[in-house]
Amino acid sequence: MKTVRRLLFGEIIRAVVFVALGFLALFLFFDMVDELQSLSRFGGQGYLLQHALLYISLKIPSHLYELLPISVLIGSIFVMARLAQSSEFTILRTGGLEPWMALSSLLKLGLIFVGLTFFFGDYAAPWAERQAQQIKAPYQGQLTLGQTGAWLREKQGTQQFAVNVRRFDGIDQMEEVRIHAFNERGQLLAITHAQKAQIQSGQWQLQQVDHKSILGPSPQQAAQLSAVKLGTKVWPTGISADMVAAALLSPDRMSTWELFGYMRHLSVNNQNAQRYEIEFWRKVFYPLSCLVMLVLALPFAYLHFRSGQIAGHVFGGVLAGISFALLNNVFSFIGNLQNWQPLLTSAAPALLYSAVSLAAFWWMVLRR
């Protein structure tokens, strides 16, 4: 059994690596085309070809995270179909390789791909994205903008804060920051406006600060406004750079733990966390899709092929992988719009394809 497992694992790993490298080369070509536009835009500010190449290379972990499940599907289908066409899998079956043994072997291999996908999605890709932002940010003419910026809320003791960040570079530098402080009854206490701010662990370093406090009101006198200009001011807060990035940019580049922390932050401050809960559960289930892909590929080993039929079945595998990716995105958008349960919304595509895979396995292998 060890020899059989070594044969299957070696063939599938080589095929998956080959497919992943092919897709990666295509994605990097598209990135290079986009960066040529950035060279023409920011070339006068010192953004050179070596910066563009380094930026493109730092996109590799993100692309591998996206490509691994579909590469596993295409590579494993190709291997299974080739083994069936050459009758090698038939020989393995006559040598004692039962269907459930083959399935359990593929699932053990799938755990390796699950671990790789999780590593790229939770560690390598977020780190590389931050490094890529640090390379490009100094040469961009302006920071990332939203229509009204990012709005966040935080509760500290009896006070509540509404924070508006108009510009953020995706790392730790912000511009046009406004912090509104309210008491427990919802009355405005102070407004702090900072031209620039830097995010550090547990606090924001505000620069060029205009602080306005509202004194009173009391039964004897009306409310009074006190304005103070400061060079710098430290504001202690639990709002991290990833939280600002998630509110202003896209949460796709956040790790699972960071998404979980941001979900808790939104829940504590009575904000809608539906979108981020769906993204969190997608992060959880996406690596497991590698197992689904391997189960979907196993029935191809039990088909009878003639010459020239492998290409057609591999093309069918490509369509299946694309449909899985599309279904993932469709369920995410519909679940967010219809307020579906985040766990079921994210798990539904994997469960559906698992059911189809096991049904095909039962029909083509066990029943026949």
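First things first, this report covers the structure right here in the doc.

Here is what the cut-offs are and how they apply
- Residues numbered from 1 in each chain as written.
- Predicted model: local features only at pLDDT ≥ 70, side-chain atom pairs only at ≥ 80, totals over all residues.
- Heavy atoms only, no water.
- Core = buried A, V, L, I, M, F, W, Y, C linked by side-chain atoms within 4.5 Å.
- Buried < 20%, exposed > 50% of the residue type's maximum accessible area, 1.4 Å probe, protein only.
- Helix = DSSP H or I, 4+ residues; strand = E, 2+ residues; numbered from the N terminus.
- Contact = heavy atoms within 4.5 Å.
- Expected span 1.5 Å × (residues − 1).
- Axes fitted to C-alpha atoms, helices over the stretch in contact; angles between N-to-C directions.
- Parallel < 35°, antiparallel > 145°, perpendicular 65-115°, else oblique.
- Left-handed = near helix turned anticlockwise from the far one by under 90°.
- Nonpolar A, V, L, I, M, F, W, Y, C, P; charged D, E, K, R; others polar.

## Considerations on the nonpolar core
Here's step 1: Ile12, Val72, Met80, Phe89, Phe113 and Leu298 are the most contacted members of the largest nonpolar core, which has 44 residues in total.
Here's step 2: Of all the elements in the fold, those that place two or more residues in this core are helix 1 (2-42), helix 3 (60-85), helix 4 (88-94), helix 5 (99-136), helix 9 (289-297), helix 10 (310-338) and helix 11 (342-366).
Here's step 3: When residues no more than four places from it in sequence are discounted, the contact partners of Leu298 are Met80, Pro99, Ala102, Leu103, Leu106 and Phe361.
Here's step 4: Phe168, Ala194, Ile239 and Leu266 belong to the second-largest nonpolar core, a separate cluster that totals 32 residues.

## As for helix 7 (residues 256-268)
Here's step 1: Along its 13 residues, helix 7 runs 18 Å from first to last C-alpha, staying within 8% of the 18 Å computed at 1.5 Å per residue.
Here's step 2: Asn270 sits one or two residues past helix 7 and shows a positive phi near 55 degrees.

## Some words on the packing of helix 8 (residues 274-285) against helix 10
Here's step 1: Relative orientation of the contacting elements helix 8 and helix 10 amounts to 155 degrees, with a least axis distance of 9 Å. Here helix 8 is positioned roughly antiparallel relative to helix 10, judged by the angle of their axes. For the pair helix 8 and helix 10, the crossing hand works out as right-handed. Contacts between helix 8 and helix 10 involve Gln274, Arg275, Ile278 and Arg282 on the former and, on the latter, Asn328, Asn329, Ser332, Gly335 and Asn336.
Here's step 2: Of the residues in the contact of helix 8 with helix 10, the class split is one nonpolar, six polar and two charged.

Coordinates in, geometry out; function isn't part of it.
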